[in-house]
Amino acid sequence: MDGIINVYKERGYTSHDVVAKLRGILHQKKIGHTGTLDPEAEGVLPVCLGRATKVCDLLTDWDKEYRADLLLGITTDTQDMTGTVLKMCPVFLHTGRADKAVYLTENEIRSCIETFIGEIEQTPPMYSALKVNGKKLYQLARQGIEIERKPRRIQIFDILITQIHEKKVSVSLEDGDIAELSAVEVQITVRCSKGTYIRTLCSDIGEKLGCGGCMSALLRTEVGPFHLTDAWRLSKIEELRDENRLKECLHPTDSVFMNLEAVQLTPEAERLVCNGNPLSPEMMAGCRKSADADERFPDAHSRECKNRQQDSNCLRLYGQNGAFLAVYEFNDEKHSWRARKMFL
């Protein structure tokens, strides 16, 4: 089976767990996911099957959207509520006389968050799947090892604040005690580039406000043209399998390239493409531009959240029988169309 399923990753599953579950449901080994989501996070996780696994790297590069809960007043080693509490600070939205508390106004919180919109530098957290010398950072962190990480340039396109409210939080301490804390919860929707850690964004906002902060919940709502409203839970995919209706949740591989012009090849050009050969501009000009028979993502080319890897120098190529064969890119130096991705 070839194609892409927009999976709703549920809380408690790792991205690897989702792939393993799908292998069992679909009885297929060649499956790959398109970007790690923390076990406690939920939401959109496009999963590629068969030949579509060749686009995993392209889908990983797409921009994303998240809904997150930022908890002001708590700092942890993992930058979310699954970690060890390092610092607590009572936070209120009104003035008072409590000792060692931070008092913030909604305007102060909004103004601070707005400073994170744009191109910023972000240091990846130790509790992440990034590899250094062959070891994942979270593996080192669990051994008590912290290494220097270089900040990376990321893009925050927009942060929408949907709610700000005070909240009483019960916090588990290392000695087993439970502490009650007055905190402020900020619900945000973030549109961002690849490589953005929402946990780190929450931590950085809390640090800038002077009270500390961490992420208490995360829902990924978009990956490129894949949306939360179209995501399928594993139980529903299994149900569709039993009813022989898997096509309902399967996006064809070429559906993620709908912002590229489609070309139906001549028999001669098809023969060359099937052997991975380049095509001259003259040969490509002799091929027929084709209309899209099944455009699953009609607005993929116009959405703010788009695939940066696709541009006007690329074409999607189809054989005489309508089969999707490849994405070709024009090479100025060689003055010819050359294979970028083959899907034979």
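Undergrad: Any chance you could explain the overall build of the protein chain here in plain terms?
TA: In terms of regular secondary structure, the protein chain is built from eight helices and 21 strands. Out of the 344 residues belonging to the protein chain, those deemed buried represent 49%. Roughly 17100 Å² of accessible area belongs to the protein chain as shown, and the carbon and sulfur atoms make up 46% of that amount. Computed over 46 positive and 51 negative side-chain charges, the inter-centroid distance for the protein chain is 5 Å.

Undergrad: It is not clear to me how the sheet that holds strand E17 (residues 261-264) should be interpreted in this structure. Could you clarify?
TA: To summarise the sheet geometry, strands pair through backbone hydrogen bonds and adopt either a parallel or an antiparallel arrangement. Spatially, E18-E17-E19-E20-E21 is the arrangement adopted by the five strands of the open sheet, whose pairing is mixed. Both outer strands of the open sheet, strand E18 (288-289) and strand E21 (336-342), are each paired with one neighbouring strand and no more. Pairing geometry for strand E20 (residues 324-331) and E21, over six bridges, is antiparallel. Bridge assignment links Tyr328 to a residue of E21, and that residue is Ala339. Contacts from helix H7 (residues 267-274) reach strand E19 (314-318), E20 and E21, with the element oriented near 85° to E20.

Undergrad: Could you clarify how one ought to interpret the nonpolar core in this entry?
TA: The nonpolar side chains of a soluble globular protein tend to be buried, and buried together. Ranked by size, the top nonpolar core spans 33 residues in total, and within it Leu72, Ile109, Ile113, Val186 and Ile198 carry the most contacts. Contributions of two or more residues to this core are made by strand E4 (64-72), helix H3 (106-114), strand E12 (152-172), strand E13 (178-192), helix H5 (198-209) and strand E14 (213-223). With residues up to four places along the chain from it excluded, the contact list for Leu72 reads Val91, Leu104, Ile109, Ala183, Val184, Val186, Gly206, Leu209, Cys211, Gly212 and Gly213. Listed in part, the 20 residues of the second largest apolar core include Val55, Cys56, Val223 and Phe343.

Undergrad: How should I be thinking about the confidence of the model for the protein chain in this particular structure?
TA: Put simply, the protein chain has an average pLDDT of 88, and 92% of its residues get 70 or more. Low pLDDT (under 50) marks residues 293-310, which in the prediction has 43 contacts with non-local residues, meaning those over four places away or in another chain.

What counts and what doesn't
- Residues numbered from 1 in each chain as written.
- Predicted model: local features only at pLDDT ≥ 70, side-chain atom pairs only at ≥ 80, totals over all residues.
- Heavy atoms only, no water.
- Helix = DSSP H or I, 4+ residues; strand = E, 2+ residues; numbered from the N terminus.
- Buried < 20%, exposed > 50% of the residue type's maximum accessible area, 1.4 Å probe, protein only.
- Areas by Shrake-Rupley, 256 points an atom, 1.4 Å probe, with all protein chains shown as cover.
- Lys, Arg positive; Asp, Glu negative; His and termini not counted.
- Charge placed at Lys NZ, Arg CZ, Asp CG, Glu CD.
- Pairing = 2+ DSSP bridges.
- Contact = heavy atoms within 4.5 Å.
- Axes fitted to C-alpha atoms, helices over the stretch in contact; angles between N-to-C directions.
- Core = buried A, V, L, I, M, F, W, Y, C linked by side-chain atoms within 4.5 Å.
- pLDDT = per-residue confidence, 0-100.

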